[in-house]
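Here's the letter readout for the chains.
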Amino acid sequence: MSYPIRDVGGVSTGPSEGVASILDTLRVGTVMLDGKGKILLWNPMTEEILGWRADQVVGCLIQDFLDDGYGEGELRRRDTLRNEGRWRGKLRILHSAGHRVPVEGRVSLLHDRQNRPVILANIVETSRIRAVEHDLAALDALFESSPLGIAVFDNDKRFVRVNEALARLNQLGAEEHVGRSVHDVLPPWMAEEVSTVQSTVLETGEPVVDVVMPAPDGPGSRSVSYSRLTTEKGEVLGVSTVIMDITERREALEKIEAARERLALLDDVGVGLADRFDVTAISQALASALVPRLADYAGVMLIGAAAHGGDLPDIEMLTGTPLFQLGVAARDEGPTVNRMLRVGQDVPFLADSFFGRTLASGVPHVASSPRELLAATYPGDPKMQAALDLSVHSMMAVPLRARGVVLGLLVVSRAEGREPFGRDDIALAMELADRAGVSLDNARLYARERAGALMLQRSLLPQKVPEPPGVHVAYRYVPGSSGTEVGGDWFDVIPLAGGRVAFVVGDVMGHGLHAAVTMGRIRTAVRTLAGLDLPPDELLRRINDLADDFVQSSDDPLVATCVYAVYDPSTRRCSLAKAGHPPPLLLTETPGGGWEAHTLELPSGAPLGVGGVPFESYDLEVVEGSVLILYTDGLIESRGEDISIGIDRLCRMLSGGPVRRDPGTPESIEEACDSVIDDLEGRTASQPDDDVALLMAKLGGLPQGSAASWTFPSESYAVRRAREVVRRTLHEWGLDALEDTTVLLVSELVTNSMRYAHGPIGVRMVRGSSLLLEVSDPLPDPPRERSAMPDDEGGRGIRLVAREARRWGTRHGPMGKTVWFEIALP
């Protein structure tokens, strides 16, 4: 490459004045002297360097401007010129501003046509030439010592200079590059791409940085950067390139990325399995996480005990026991994949097979040939033939272990297009299998414990629900999903005296065996207190007083909700009270033949065990055929949703008409229960998170003429009148066989009321599943059974009632007390 030479004697001999040159950077001044040192020529560049104009110095002696004048230095220069014809060295020349300018000079002794001596001197500022020398030295050092490959190309994209590092990369000597293009050095497929990049850089001036390209002579990678070379004034000189071998760096990055992916896979599997408590769900989650990140096909196979929550057998008993495939994942779909992987299929195998050895030894095995694949289970297994049909070339079986016991196998496969399993893959699969094994064993134990708790809870729930006359009952109990422990939800239907019936639904806070046992205790207490015929608010108060007796320790206080309702079919009156429980619903038939559900706004009351809030009863008279709906919060609660939204949703659904049949038939509320549970399971993906207890009761009345009542003043004839009306009613009902006993007992109770109450006496008869007689008076104190002496005139009435009646009792009302007794129908 040549550089244009500019002014010599003020005459341009190169390209146009606008073209940049290295001489513009160095600023070379030219001075011509005669033999005596008189200045003959002083060119414009010298004027720029020293500040003196030519007309100021021409004719003057050069010694007048030198730092040493006519001294010893001048003599040495003269001697050197005479002897050698040239001299080079450093000078300090006076500037027009008065300071000295250090320059380097090149002086030549010439002779004109008359053979007279003429001295031609070129001077360059020392500071500028040193800068150029430093730049050139740095460039040479960079080319020679840089581990990076460096090359410079001219405008024709031919090599101008190449360092040894690039020569080694291209396996060609540095001198052999010069004058050649990349088409002469690189393979054609790479040369074309490189040449295109060079042309783009030359044309646009935009550098191309860190382009990763494969090595031309085999495996490896290179990072290539290109930039355009220009002068200060924009003249394009060519293009440079820097090439770095990044094979090791990329291999290290690939190893780091592979390690990161392995850690990410381990983390994802750990998170995916942590919140699952079902063996099948864990198996499927594990298989899905491994495809396609680790393998093309994955299957999780467990022994029967692990799959169904049983006790784990000894290792010797695993031989010949088929595995159950509970989780599968595949990159493709189709009948061949289904032959190899199918959820629920049995996987038989021989003891000395690929699977059998893995189960027995607990050591992972890798099959990497068709012969090994066909020997994975037993000869002729269609699943293994399907694997070969899918181009599977590498299969790994890893034991799923927990507490030293093998639960099953994790089997992963790679098909054509992927590398076989290596050591890192085996180590990763073992870590994954160990984590999954612990989760599977926890799920197995949880399933077994949950089954026991659920069995206990179901045994504590009503085994048979009675249906008194005039009432039809439907109920559902749905345990929560396997992600939660069994809860403390419960319900009960309790027959009361006189055909009345109590409905109760409750929820003990918490889960597990403790909640189930506490639920059983509360239910027993409610049934016991219900036999005392207490009003709903009084019953809840007494249950709350017993709260400390229901818990195992004072550090674990009772918190439970409950709603208790009593319905009398003869009067169609219903009395309810609740303790912190969701409000009951009442479903009534509209005049247009549809149904409308609304909440019963009962006084809330505090949950049982909390205290501080009194319980209050709410009384209402219901329309015949109305449906009372009691439920626990699992039916209406959803995460992130207010409970009122769930209640409104339930009301809207019931109002939509799930009861399609005659309101008097029990099938209608059975259909309503099914509709409500189906809707719940549809919203919660087949099973709710929390337990659900649902109780629906169609509230009707007794048949016409099944009840009669009278009121008598507290006079002596009241006993006689009571006998007459009771006798006549029994005759009308066809119960003459009960006349003697019934009339006798009524006489005793009316006599007691007349003697002690001194107020109106009420008598009521109800014919249902038994014959009920009630005698009411204003006296609040209940009668007491006592032993009468032989000479006592009274004191035998209550004992007589207790002996002759099937059962009897006393209940309190707003106006006094009621003594009742029942006699079995003939």
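Preceding block: the structure.
Here is a short report on the structure shown in this document. Given the structure is predicted, the values throughout are model-derived calculations rather than measurements.

All right, on to the overall build of the chain then. Per the secondary structure count, the chain includes 25 helices and 31 strands. A buried classification covers 46% of the 826 residues belonging to the chain. The contacts in the chain between residues at least 6 apart in sequence include a share of 61% that link residues at least 24 apart. Surface exposure of the chain reaches about 40,500 Å², of which carbon and sulfur atoms provide 52%.

In this section: the packing of aromatic side chains. Here the structure, examined in full by the defined rule, presents 5 aromatic pairs. Relative to Phe65, the ring of Trp52 has its centre 5.5 Å away and its plane inclined at 70°; by these criteria the two rings are edge-to-face. A residue pair is termed long-range when its members are at least 10 positions apart, and Trp52 in the loop between helix 2 (44-50) and helix 3 (54-57) and Phe65 in the loop between helix 3 and helix 4 (72-84) qualify at 13 residues. Looking at Trp52, the relative accessible area reads 18%, which means it is buried. One aromatic cluster is present, formed by Trp42, Trp52 and Phe65 through successive ring pairs.

One pass over the structure, following the stated rule, counts 6 cavities of 30 Å³ or more. Elements supplying a minimum of two residues to the lining of the largest cavity: helix 6 (164-170), helix 9 (188-204), strand 8 (208-214), strand 9 (221-230) and strand 10 (236-245). Of the residues belonging to the lining of the largest cavity, the class tally is 12 nonpolar, 3 polar and 1 charged. There is about 100 Å³ of room inside the second largest cavity. As for the second largest cavity, its lining consists of 14 residues, and the residues nearest its centre are Met301, Met340, Leu341, Met384 and Val411. Those elements giving two or more residues to the lining of the second largest cavity turn out to be strand 11 (297-302), helix 16 (382-389) and strand 16 (405-415). Residues belonging to the lining of the second largest cavity are distributed by class as follows: 10 nonpolar, 3 polar and 1 charged.

By size, the foremost hydrophobic cluster in this structure holds 63 residues, and its most contacted members are Leu290, Leu302, Phe355, Met395 and Leu400. Sequence-distant contacts of Met395, defined by excluding residues within four places in its chain, comprise Phe354, Phe355, His365, Val366, Ala367, Leu373, Met384, Ala387, Val411, Val412, Ser413 and Phe421. Judged by nonpolar contacts, the second largest core, of 55 residues, contains Met519, Cys562, Ala565 and Leu600.

So, on to a nonpolar patch on the surface. Taken together, the side chains of Met509, Val559 and Val610 present a nonpolar region at the surface, about 240 Å² in accessible area. Inspection of the secondary structure puts Val559 in the loop between helix 20 (547-550) and strand 20 (560-568).

What follows concerns the sheet that holds strand 3 (residues 86-94). If you walk across this open sheet you meet the 5 strands as 2-1-5-4-3, and the pairing is antiparallel. Edge positions in the open sheet fall to strand 2 (39-42) and strand 3, since each of these has one partner strand only. This sheet shows a mean twist of 25° between the axes of neighbouring strands, independent of strand direction. One ladder, built from 7 bridges, connects strand 1 (residues 28-34) with strand 5 (residues 117-125); its direction is antiparallel. Following the sheet pairing, Gly29 is matched in strand 5 by Ile123.

Between helix 10 (residues 247-274) and helix 11 (residues 279-290), whose axes approach to 10 Å, the crossing angle comes to 160°. Classed by the angle they form, the pair helix 10 and helix 11 counts as roughly antiparallel. For helix 10 against helix 11, the interelement crossing comes out right-handed. Judged by residue contacts, Leu265, Val269 and Leu273 of helix 10 engage Ile282, Ala285, Leu286, Ala289 and Leu290 from helix 11. When grouped by side-chain class, the residues that make up the contact of helix 10 with helix 11 number 8 nonpolar, no polar and no charged.

This part is about the packing of helix 23 (residues 718-733) against helix 24 (residues 739-756). For the pair helix 23 and helix 24, interaxial distance at closest approach is 9 Å and the crossing angle is 150°. By the angle class used here, helix 23 and helix 24 are roughly antiparallel. The way helix 23 lies across helix 24 gives a crossing that is right-handed. Residue-level inspection shows Ala718, Val719, Ala722, Arg723, Val726, Arg727 and Leu730 of helix 23 in contact with helix 24, the latter providing Glu739, Thr742, Val743, Val746, Ser747, Val750, Thr751 and Met754.

Spatially, 7-6-10-9-8 is the arrangement adopted by the 5 strands of the open sheet, whose pairing is antiparallel. Of all strands in the sheet, those with a lone pairing partner are strand 7 (159-162) and strand 8, marking the two edges. Each adjacent strand pair in this sheet contributes to an overall mean axis angle of 25°, direction not counted. As defined by bridge partners, strand 6 (residues 149-153) adjoins strand 10 across 5 bridges and the pair is classed as antiparallel. For Phe153, the partnering residue across the bridge sits in strand 10 and is Val239. Helix-sheet contacts for helix 9 involve strand 6, strand 8, strand 9 and strand 10, and the interaxial angle to strand 9 is about 30°.

What follows concerns a negative patch on the surface. A cluster of like negative charges, contributed by Glu144, Glu164, Glu175 and Glu176, occupies part of the molecular surface. Within the fold, Glu175 resides in helix 7 (residues 174-177).

Moving on, we get to unusual backbone geometry. Residues Val291 and Pro292 are joined by a peptide bond in cis, for which omega reads 5°. Relative to the helices and strands, Pro292 is located in the loop between helix 11 and strand 11. Positive phi is not limited to glycine here, since Arg572 has a value of about 55°. One can find Arg572 in the loop between strand 20 and strand 21 (573-579). Relative accessible area serves as the criterion here: at 29%, Arg572 is assigned to the partly exposed category.

With that settled, consider the side chain of Thr358. With respect to the secondary-structure elements, Thr358 resides in helix 14 (residues 354-361). Its relative accessible area of 0% is what places Thr358 among the buried residues. Within the structure, Thr358 has its side chain in polar contact with the backbone oxygen of Phe354 (distance 2.9 Å). If we ignore the near neighbours within four places in the chain, the residues touching Thr358 are Val363, Pro364, His365, Ala397, Val398, Pro399 and Leu409.

A word on the pairing of strand 31 (residues 816-823). Taking burial as the measure, the 8 residues of strand 31 include 8 buried ones, the bulk of the element. Note: strand 29 (residues 771-777) against strand 31, 7 bridges, orientation antiparallel. In the strand pairing of strand 31, Leu773 is matched with Phe821. Across 7 bridges, the pairing between strand 30 (residues 807-813) and strand 31 is antiparallel. Bridge pairing in strand 31 links Gly813 to Gly816.

What counts as what
- Residues numbered from 1 in each chain as written.
- Predicted model: local features only at pLDDT ≥ 70, side-chain atom pairs only at ≥ 80, totals over all residues.
- Heavy atoms only, no water.
- Helix = DSSP H or I, 4+ residues; strand = E, 2+ residues; numbered from the N terminus.
- Buried < 20%, exposed > 50% of the residue type's maximum accessible area, 1.4 Å probe, protein only.
- Contact = heavy atoms within 4.5 Å.
- Areas by Shrake-Rupley, 256 points an atom, 1.4 Å probe, with all protein chains shown as cover.
- Phe/Tyr/Trp six-rings, centres within 6.5 Å; stacked < 30°, edge-to-face > 60°.
- 1 Å grid on protein atoms, 1.4 Å probe; cavity = no way out; pocket = protein on both sides within 12 Å on 5 of 7 lines; lining within 4 Å.
- Points joined across faces, edges and corners; volume = space filled by probe spheres on them.
- Nonpolar A, V, L, I, M, F, W, Y, C, P; charged D, E, K, R; others polar.
- Core = buried A, V, L, I, M, F, W, Y, C linked by side-chain atoms within 4.5 Å.
- Patch = residues over 30% accessible without salt bridge, like charges linked within 9 Å, V, L, I, M, F, W, Y side chains within 5 Å.
- Salt bridge = Lys/Arg side-chain N within 4 Å of Asp/Glu carboxyl O.
- Pairing = 2+ DSSP bridges.
- Axes fitted to C-alpha atoms, helices over the stretch in contact; angles between N-to-C directions.
- Parallel < 35°, antiparallel > 145°, perpendicular 65-115°, else oblique.
- Left-handed = near helix turned anticlockwise from the far one by under 90°.
- Lys, Arg positive; Asp, Glu negative; His and termini not counted.
- Charge placed at Lys NZ, Arg CZ, Asp CG, Glu CD.
- Polar contact = N/O pair within 3.5 Å; in protein donor to acceptor, adjacent residues only side chain to side chain.

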